[in-house]
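Inside the fold
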Amino acid sequence: MAKTYNIGVEATLEVIGGKWKPIILCHLGKGQQRSSELRREIPDITQKVLTQQLRELEGDGIIVRHVHGTKAPFCVTYDLTEFGKTLGGILVQMSVWGERRIEQLNEAGEPVEILNPDHSGYADILNQVG
């Protein structure tokens, strides 16, 4: 049976939806990383969930898994595919919107902070794809 979407955003959310995938992709937007590096960057994610999300993103052709070395312990890194890099604009827009939301909440008296408002990795991707 053919898959049907009501609107295009459904197809996008099927690939990058959820709590962790956009965050993982944002970090990979800054360059190739090991699983342990991603865990440090995303301290609230469990190793099990990180591995699952990485496998799903790899299965959807958004990231690529590189195995370095021929003997254990292998060094495994993850990087965005060319197709995955095309998500850069979406991720930048989501991040900027979130920063505006944080400002709005702060102005309303709700103390909210952002730890890493850096978009340099995304800008590099947009320049490569653009």
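Up top is the structure.
Residues numbered from 1 in each chain as written. Predicted model: local features only at pLDDT ≥ 70, side-chain atom pairs only at ≥ 80, totals over all residues. Heavy atoms only, no water.

Quick notes on the pattern of salt bridges
All chains considered together, the criterion is met by three salt bridges. The salt bridge partner of Lys-3 is Glu-14, with a shortest N-O separation of 2.7 Å. Residue Lys-3 is found in the segment before helix 1 (8-16), and its partner Glu-14 is found in helix 1; the two are separated by eleven residues along the sequence. One salt bridge in this structure joins Lys-21 and Glu-56, with 2.7 Å as the shortest N-O distance. Taken as a pair, Lys-21 in helix 2 (residues 21-28) and Glu-56 in helix 4 (residues 47-59) lie far apart in primary sequence, 35 residues in all. Judged by relative accessible area, which is 5%, Lys-21 ranks as buried. (Salt bridge = Lys/Arg side-chain N within 4 Å of Asp/Glu carboxyl O. Helix = DSSP H or I, 4+ residues; strand = E, 2+ residues; numbered from the N terminus. Buried < 20%, exposed > 50% of the residue type's maximum accessible area, 1.4 Å probe, protein only.)

With respect to the layout of surface pockets
Here the largest pocket is characterised by a volume of approximately 690 Å³. What lines the largest pocket is a set of 25 residues, and nearest its centre among them are Ile-23, Cys-26, His-27, Ile-114 and Asn-116. Among the elements of the structure, helix 2 and helix 6 (88-107) are those that each provide at least two residues to the lining of the largest pocket. Looking at the lining of the largest pocket element by element, the count peaks at five residues for helix 6. Counted by class, the lining of the largest pocket contains twelve nonpolar, six polar and seven charged residues. (1 Å grid on protein atoms, 1.4 Å probe; cavity = no way out; pocket = protein on both sides within 12 Å on 5 of 7 lines; lining within 4 Å. Points joined across faces, edges and corners; volume = space filled by probe spheres on them. Nonpolar A, V, L, I, M, F, W, Y, C, P; charged D, E, K, R; others polar.)

Section: the environment of Ile-23
Relative to the elements of secondary structure, Ile-23 occurs in helix 2. Classification of Ile-23 by relative accessible area gives partly exposed; the value is 31%.

Here's the deal with the packing of helix 2 against helix 4
Relative orientation of the contacting elements helix 2 and helix 4 amounts to 75°, with a least axis distance of 10 Å. When the axes of helix 2 and helix 4 are compared, the pair comes out roughly perpendicular. The residues of helix 4 that touch helix 2, namely those facing Lys-21, Ile-24 and Leu-25, are Leu-50, Gln-53, Leu-54, Glu-56 and Leu-57. Residues belonging to the contact of helix 2 with helix 4 are distributed by class as follows: five nonpolar, one polar and two charged. (Axes fitted to C-alpha atoms, helices over the stretch in contact; angles between N-to-C directions. Parallel < 35°, antiparallel > 145°, perpendicular 65-115°, else oblique. Contact = heavy atoms within 4.5 Å.)

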